[in-house]
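Each chain, letter by letter, is given below.
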Amino acid sequence: MEMNAEYTSFVAVGDSFTEGMSDLLPDGSYRGWADLLAARLAARTPGFRYANLAVRGKLIGQIVEEQAGVAAAMRPDVITLVGGVNDTLRPKVDMGRVRGLFEEAVERLAPACDRLVLMRSPGRDGPVMERFRPRMEELFRYVDELAARHGALVVDLYGAPVLGDRRMWDADRLHLTAEGHRRVAEAVWQALGLAPEEDWRAEPAPAVPARWPARRLDDLRFARRHLGPWVVRRATGRSSGDGRPAKRPELLPYETS
């Protein structure tokens, strides 16, 4: 990878991870690693353009149908594709179909950009992760295969222990905090051949273990506020992203503040 390479445009494709949940801004919108990365790229390249097509809750089939073709038509320097994890979290999933759809997305996107970036997504440590780990690892092995076949980069967030730390995850236990997103932005920045600004894998200070009553209260809050609604959406076939447009649907100049 060329160090200090120049990039003039970036399109992000994916689901809630790329939309930026749960890096909440004061106005109620989400920022996230892709916006952070775009801001840093724009600061070094006048006229830098950025689009973010990601929408929360999207499955890989929806990403292929709704985002891949749009992103390919923009022909940016960089495209990031992160998807398929929502599929692995379903009670039942055809992993062969997931792999086929992911391959279709890569085949559309790789020829349309100078640099396609794929990721092995992070996973929060805990019993839920253990249940779905085999599916996720199957997906990530295929991500590696596709990257090798199409000359794409792979950012291995799954292999970074720090991103499994519970402090990097929001109360819903599905989305990264602002600190987690900041570290992902740095990881992608470095993967693109740009000079490191920090060690994004560095372990945080040791945590003070919460007492048992506090942990149980946190579990109850999580079940009521997040797990219950998530289960209802799965049972009824609804998604948190239904009817929601992309956060930044056009490839336009990114204004730095």
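Look up: the structure comes first, before these words.
First, a word on what this report is: a plain description of the structure on this page. (Residues numbered from 1 in each chain as written. Predicted model: local features only at pLDDT ≥ 70, side-chain atom pairs only at ≥ 80, totals over all residues. Heavy atoms only, no water.)

Bringing helix 3 (residues 60-74) into the picture now. With 15 residues, helix 3 ought to run about 21 Å at 1.5 Å a step, and its terminal C-alpha atoms sit 20 Å apart, in line with that. In helix 3, a bend of some 40 degrees at Q67 exceeds every other bend along the element. Buried within helix 3 are the following residues: I60, G61, I63, V64, Q67, A68, A71, A72 and M74. Check the buried side of helix 3 and you find it contacts strand 1 (9-14), strand 2 (49-52), strand 3 (78-82), helix 4 (85-88), helix 5 (95-109) and strand 6 (248-253). Immediately beyond the C-terminal end of helix 3, within one or two residues, lies R75, with a positive phi of roughly 50 degrees. (Helix = DSSP H or I, 4+ residues; strand = E, 2+ residues; numbered from the N terminus. Expected span 1.5 Å × (residues − 1). Bend = angle between axes of the 7 residues up to and from the residue. Buried < 20%, exposed > 50% of the residue type's maximum accessible area, 1.4 Å probe, protein only. Contact = heavy atoms within 4.5 Å.)

Let us look at the packing of helix 3 against helix 5. The description of two packed helices rests on the angle between their axes and on the distance between the axes. Contact pair helix 3 / helix 5: the axes reach a minimum separation of 9 Å and the direction vectors enclose 5 degrees. Put simply, helix 3 runs roughly parallel to helix 5. Together, I60, G61, V64, A68, G69, A71 and A72 of helix 3 and V98, L101, F102, E104, A105, R108 and L109 of helix 5 make up the contact between the two elements. (Axes fitted to C-alpha atoms, helices over the stretch in contact; angles between N-to-C directions. Parallel < 35°, antiparallel > 145°, perpendicular 65-115°, else oblique.)

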